[in-house]
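Below are the chains, spelled out letter by letter.
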Amino acid sequence: MPKRIAVLVSGGGTNLQALIDAQARGELTGGVLAAVISSSPEAYALERARRAGIPGHVLPRGDAGAVTAALVELLKGLDIQLVVMAGFMTIVTGQLFRHYENAVINIHPSLIPAFCGPGCYGLRVHEKALEYGVKLSGATVHFVTEQCDAGPIILQKAVPVLPDDTPETLQRRIMEQCEWKLLPQAVSLFCQDRLAVEGRAVRVLERPALDSAREDNL
Ligand code: GRF
């Protein structure tokens, strides 16, 4: 059975689109996009979901505890096995990770641990990279834990920072060359049971974890 994936969004949804396109190309091996859940009824990502025939849902507003409880109930009701945060701007509590341990992933537009953490999102990430003068930046897909942007890293990809970059041009390069490629890859690896979390590190397995375990027991 393919793993059922929910994508959590708040805005434009270009990363959601990358997942939709990867699925259309047959590249989301072992997974199916089953729901898009938005923190805002206005998010353009919901329109992308509608066009792709994926059911869209809007989270009711409230404090973090109430929102998380509603989210978990929705995810369980939809029989979701993987939660993907793709530009999701709502604060959730640890209740989500207790129900979905090592099953919530996020994409961040820098090479973590650089330019991340509370308040570091959107164009601010790229402004900070330019201010610091780094020669490389990129994107990171990681498991989400209670500590902001600090969970085990699944995949990273770097691009050069060019002398005339603005936050906008750097953001665009990172989206096109890193984010839109890495996120479908990471989702597909998860859905094939090819990610093994070992402390802070994530090992990418050649074959699904279950196959290896079966062979070890022969
Ligand atoms: C992306 O830059 C992602 O890395 C960050 O939020 C942004 C979402 O963009 N977490 P989009 O809505 O997928 O276009």
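As a reminder, the structure under discussion sits directly above these lines.
Quick summary incoming for the structure in this document. (Residues numbered from 1 in each chain as written. Predicted model: local features only at pLDDT ≥ 70, side-chain atom pairs only at ≥ 80, totals over all residues. Heavy atoms only, no water.)

Observations concerning the overall build of the chain
Filter applied, for reference: Counting from the N terminus, the helices are the DSSP runs of H or I reaching at least four residues and the strands are the DSSP runs of E reaching at least two. Should any heavy atoms of two residues lie within 4.5 Å, those residues are counted as being in contact. Each accessible area is a Shrake-Rupley estimate made with a 1.4 Å probe; only the visible protein chains count as cover when residues are assessed.
Regarding its fold elements, the chain presents seven helices and nine strands. Viewed in the frame of its principal axes, the chain has a C-alpha envelope of about 55 × 45 × 35 Å. Put simply, of all contacts in the chain between residues at least 6 apart along the chain, 62% involve residues at least 24 apart. A total accessible area of about 10,900 Å² is found for the chain, and carbon and sulfur atoms account for 53% of it.

Section: helix α5 (residues 123-132)
Every α-helix winds through 3.6 residues per turn, so residues three or four apart in the chain are directed the same way. Quick note on the threshold: The buried label applies to any residue whose accessible area, calculated with a 1.4 Å probe on protein chains only, is under 20% of its type's maximum; exposed applies above 50%, and partly exposed to all values in between. This arc is taken over the directions from the axis of the helix to the C-beta atoms.
What α5 keeps buried is the set V125, H126 and A129. The buried residues of α5 occupy an angular sector of 90 degrees when projected down its axis, which confines them to one face. The elements touched by buried residues of α5 are β5 (104-108), β6 (136-143) and α6 (167-191). A positive phi of about 85 degrees marks G133, the residue just after α5.

So, the packing of helix α1 (residues 14-24) against α6
What counts is decided by this rule: To obtain each axis, a line is fitted to C-alpha atoms, and for helices this fit is confined to the stretch in contact; angles are then taken between N-to-C directions over 0 to 180 degrees. To sort the angles, those under 35 degrees are grouped as roughly parallel, those over 145 as roughly antiparallel, those from 65 to 115 as roughly perpendicular, and the leftovers as oblique. Handedness of a crossing is defined here by the sense of rotation of the near helix relative to the far one, left-handed for an anticlockwise turn of less than a right angle and right-handed for a clockwise turn. Note on residue categories: nonpolar means Ala, Val, Leu, Ile, Met, Phe, Trp, Tyr, Cys or Pro, charged means Asp, Glu, Lys or Arg, and polar means any other residue, Gly included.
α6 packs onto α1 with a crossing angle of 55 degrees between their chain directions and a minimal axis gap of 9 Å. As judged from the angle between their axes, α1 and α6 are oblique. You can see that α1 and α6 cross each other, and the crossing is right-handed. The residues of α6 that touch α1, namely those facing T14, N15, A18, L19 and A22, are M175, E179, W180, L183, P184 and V187. For the contact of α1 with α6, the class distribution of residues is eight nonpolar, two polar and one charged.

Looking at the site of the ligand
Selection criterion: Here, proximity means that at least one heavy atom of the residue falls within 4 Å of the molecule or strand. Under the rule applied, a polar contact is a pair of N or O atoms within 3.5 Å (in protein, one hydrogen donor and one hydrogen acceptor; residues adjacent in sequence only if both atoms are side-chain atoms).
Neighbouring the ligand are the residues G12, G13, T14, N15, G87, I107, P109, M175 and E179. Note that an oxygen atom of the ligand is positioned 2.6 Å from one of the side-chain N or O atoms of T14. Here I107 contributes a backbone N or O atom positioned 2.8 Å from a nitrogen atom of the ligand. Its free accessible area being 370 Å², the ligand has 81% of it covered by the protein chains. Taken together, the elements giving at least two residues each to the shell around the ligand come down to α1 and α6. In terms of residue class, the shell around the ligand is built from three nonpolar, five polar and one charged.

Some points on the packing of α5 against α6
Orientation of α5 relative to α6, taken along the N-to-C sense of each, is 110 degrees, at an axis distance of 9 Å. With respect to each other, α5 and α6 are oriented roughly perpendicular. Side by side, α5 and α6 meet where L123, H126, E127, A129 and L130 of the first sit next to P167, E168, L170, Q171 and I174 of the second. In terms of residue class, the contact of α5 with α6 is made up of six nonpolar, two polar and two charged.

Observations concerning α6
Keep this limit in mind: By this rule, a helix spans an expected 1.5 Å times one less than how many residues it contains. Two axes enter the definition of the bend at a residue: one is fitted to the seven residues ending there, the other to the seven starting there, and the bend is the angle between them.
In this model α6 runs 33 Å from its N-terminal to its C-terminal C-alpha over 25 residues, within 8% of the 36 Å that 1.5 Å per residue would give. Of all bends in α6, the biggest is about 45 degrees, found at M175. In the stretch just after α6, D193 is the one whose phi turns positive, near 60 degrees.

Thoughts on the side chain of E179
Put simply, the rule reads: His is not counted, nor are the chain ends; Lys and Arg add positive charge and Asp and Glu add negative charge. The term salt bridge refers to a pairing of a side-chain nitrogen on Lys or Arg with a carboxyl oxygen on Asp or Glu at a separation within 4 Å.
On the secondary structure map, E179 appears in helix α6. This buried residue, E179, is left without a salt bridge; R172 holds the nearest opposite charge, at 9.9 Å. Of the polar contacts made by the side chain of E179, one reaches the side chain of N15; its length is 3.0 Å. Setting aside anything within four residues of it in sequence, one finds E179 in contact with N15, I107, P109, A139, I174 and P184.

Description of the pattern of salt bridges
The full count for this structure, using the stated rule, is nine salt bridges. Residue R50 is joined to E47 by a salt bridge in which the shortest nitrogen-to-oxygen separation is 2.9 Å. Taken as a pair, R50 and E47 lie in helix α2 (residues 44-52) at a separation of three residues, close to a single helical turn. Given a relative accessible area of 57%, R50 falls into the exposed group. Between R124 and E127 there is a salt bridge, with its nearest N and O atoms 3.1 Å apart. Remark: E127 and R124 occur in helix α5; sequence separation between them is three residues, near one turn of the helix. For R124, a relative accessible area of 34% corresponds to the partly exposed category.

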